[in-house]
Amino acid sequence: MHPVTRARAALLAVKNPTYTGENRCIPCTVLNLAIAGGLSVAVGLITARSDGGFALGVAVGTFVFAAAVIYFRGFLVPGTPRFTKRYFPDRVLAFFDKAPAHATGSVADPQDVLLEVGIVVDDPSVGDLVLDPAFERQWTRSIAQYRSNESALKTTLADLARISADAIELEERPHAFTAWADGERVANWPSRAACIADAAAVDSVTEWDPTWEERSLPFKADLLGVLRLFLETCPTCDGTVDLSQDVVESCCRRRDVVAATCLDCNARLFEMDVDLSTLGEG
Ligand SMILES: [Zn+2]
């Protein structure tokens, strides 16, 4: 391994993935940086009493050290995630979340597209939307193939992201399955099962949707995500998939979600935030 790559890998290993990277909580980081600033000033003032010449250097050094700890661990003071969850009003927390999910201005709704191309059909006998039976058969067959074929999985993901399959590394962690290429995160799923479902669906979706290749990657990802809501059996263990309401404890708040989860292996296939206050009673 190249020395720079090795150093980067070593630093990444020190990083606490629960509170850094995509999982970094902005309110916690801001609060901790403020604490780091206060601490540095205090250390500077204490040093100034005995040796004025060193005070500024010691204060700056303290701040740099504290900022590095926040960068790598996500927080300086243990317990601040719980502190912000408890004392920061939701209004303040929501303010930090205002960045749009996607920069692209795609206006089409994935569910409308699924209906339009006939992958999802309205079944009057059950009064609900269901998968087209031919699509479902093809998808199920494809899932069984991807389940035991890691290189096919990498090839399809690489085609989707338009990168080389050799560059793709797959990493499985509790509640996360990530595709990396050259140290960059390419895509993230709630489980390996969800990733297999997406890769397997691509093969059939291209047959049903004539304009698939022209669609943006974020839209393709959204569409495949919505499709996972229709899974009735788990892509990795064939267990029954259950759709339920759940509470997810993230770094500094509790989120109400609707989630599709395998009852046998507990793999999460889909998760979407819901606002219970707008859903009304029950
Ligand atoms: Zn399962």
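Criteria and cut-off values
The numbering scheme is per chain: residues are counted from 1 as the chain's sequence reads. Whole-chain, interface and lining totals are the exception, using all residues; otherwise, since this is a predicted model, local features are given only for residues with pLDDT of at least 70 and side-chain atom pairs are given and counted only at 80 or more. For two strands to be treated as a pair, DSSP must find at least two bridges joining them. Each helix is a run of H or I in the DSSP string that is no shorter than four residues. Each strand is a run of E no shorter than two, and both are numbered from the N terminus. Comment: axis = line fitted to C-alpha atoms, over the contacting stretch for helices; angle = value between 0 and 180 degrees taken between N-to-C directions. Remark: residues whose backbone-derived C-beta atoms lie within 7 Å of one another are considered to be in contact. A helix is expected to span 1.5 Å for every residue after the first. Remark: C-beta atoms are placed from the backbone, and a residue is labelled buried if 20 or more other C-beta atoms sit within 10 Å of its own, exposed if 12 or fewer do, or partly exposed between those counts. The arc in question is formed by the directions pointing from the helix axis toward the C-beta atoms. Throughout this description, any angle smaller than 35 degrees is read as roughly parallel, any larger than 145 degrees as roughly antiparallel, any in the 65 to 115 degree range as roughly perpendicular, and the remainder as oblique. Put simply, a crossing is left-handed when the front helix is turned counterclockwise from the back one by less than a right angle, and right-handed when it is turned clockwise. In this classification, the charged set is Asp, Glu, Lys and Arg, the nonpolar set is Ala, Val, Leu, Ile, Met, Phe, Trp, Tyr, Cys and Pro, and all remaining amino acids, among them Gly, are polar. A set of buried Ala, Val, Leu, Ile, Met, Phe, Trp, Tyr and Cys residues, joined through C-beta atoms within 7 Å, is what we mean by a nonpolar core.

Engineer: So what's going on with the sheet that holds strand 5 (residues 184-189)? Which residues, and what values?
Structural biologist: As summarised here, the arrangement of the three strands in space is 3-4-5, forming an open sheet in which the pairing is antiparallel. Strand pairing shows two members of the sheet lacking a second neighbour, strand 3 (168-173) and strand 5, which therefore form its edges. For this sheet, the mean inter-axis angle between neighbouring strands, taken without regard to orientation, is 25°. One ladder, built from five bridges, connects strand 4 (residues 176-181) with strand 5; its direction is antiparallel. Counted as the bridge partner of T178 is N188 from strand 5. Across the sheet, helix 8 (residues 150-161) is in contact with strand 3, strand 4 and strand 5; its angle to strand 3 comes to roughly 110°.

Engineer: How would you summarise helix 8 if you had to cite specific residues and measurements?
Structural biologist: The first and last C-alpha atoms of helix 8 sit 17 Å apart over 12 residues, in line with the 16 Å expected at 1.5 Å per residue. Every buried residue of helix 8 is accounted for by L153, K154, T156 and L157. Taken down its axis, helix 8 places every buried residue within 165° of arc, on the same side. Among the exposed residues of helix 8, those pointing more than 90 degrees away from its buried face are S151 and D159. Considering only its buried residues, helix 8 is in contact with helix 7 (133-147), strand 3, strand 4, strand 5 and helix 9 (192-208). Directly beyond the C-terminal end of helix 8, a positive phi value near 55° is found at R162.

Engineer: Can you lay out the packing of helix 2 (residues 26-50) against helix 3 (residues 52-73) for me, pointing to particular residues and giving the numbers?
Structural biologist: One can describe the packing of helix 2 onto helix 3 by two numbers: an axis separation of 8 Å at closest approach and a directional angle of 160°. Of the possible angle classes, the one that applies to helix 2 and helix 3 is roughly antiparallel. In this structure, the crossing between helix 2 and helix 3 has a hand that is right-handed. Contacts between helix 2 and helix 3 involve T29, N32, L33, A36, G37, L39, S40, V41, V43, G44, T47 and A48 from the former and G52, F54, A55, L56, V58, A59, T62, F63, A66, A67 and I70 from the latter. Partitioning the contact of helix 2 with helix 3 into residue classes produces 15 nonpolar, eight polar and no charged.

Engineer: Let's hear about the pairing of strand 2 (residues 128-131): which residues, and what values?
Structural biologist: The pairing of strand 1 (residues 120-123) with strand 2 spans four bridges and is antiparallel. Note on strand 2: the bridge partner recorded for V120 is L131. Counted along the chain from strand 1 to the antiparallel partner strand 2, the turn is four residues long, and its residue G127 has a positive phi close to 65°.

Engineer: Please provide a residue-by-residue account of the environment of S191, values included.
Structural biologist: Inspection of the secondary structure assignment puts S191 in the loop between strand 5 and helix 9. Each C-alpha atom, one on S191 and one on T261, is 10.0 Å from the other, the two residues being 70 residues apart in sequence. The contact partners of S191, leaving out residues within four places of it in the chain, are F177, A267, R268 and L269.

Engineer: Give me the lowdown on the nonpolar core, citing residues and values where you can.
Structural biologist: Counting residues in each nonpolar core, the largest one holds 35 residues, and the members touching the most others are A193, I196, A197, A200 and L269. Elements supplying a minimum of two residues to this core: helix 6 (110-116), helix 7, helix 8, strand 4, helix 9, helix 10 (217-227), strand 7 (253-262) and strand 8 (268-273). A per-element tally of this core places helix 9 first, with nine residues. Not counting residues up to four positions away in its chain, the partners in contact with L269 are P190, S191, A193, A194, A197, R228, L231, V241, A260, T261 and C262. Membership of the second largest hydrophobic core comes to eight residues, among which are C28, A66, F75 and L76.

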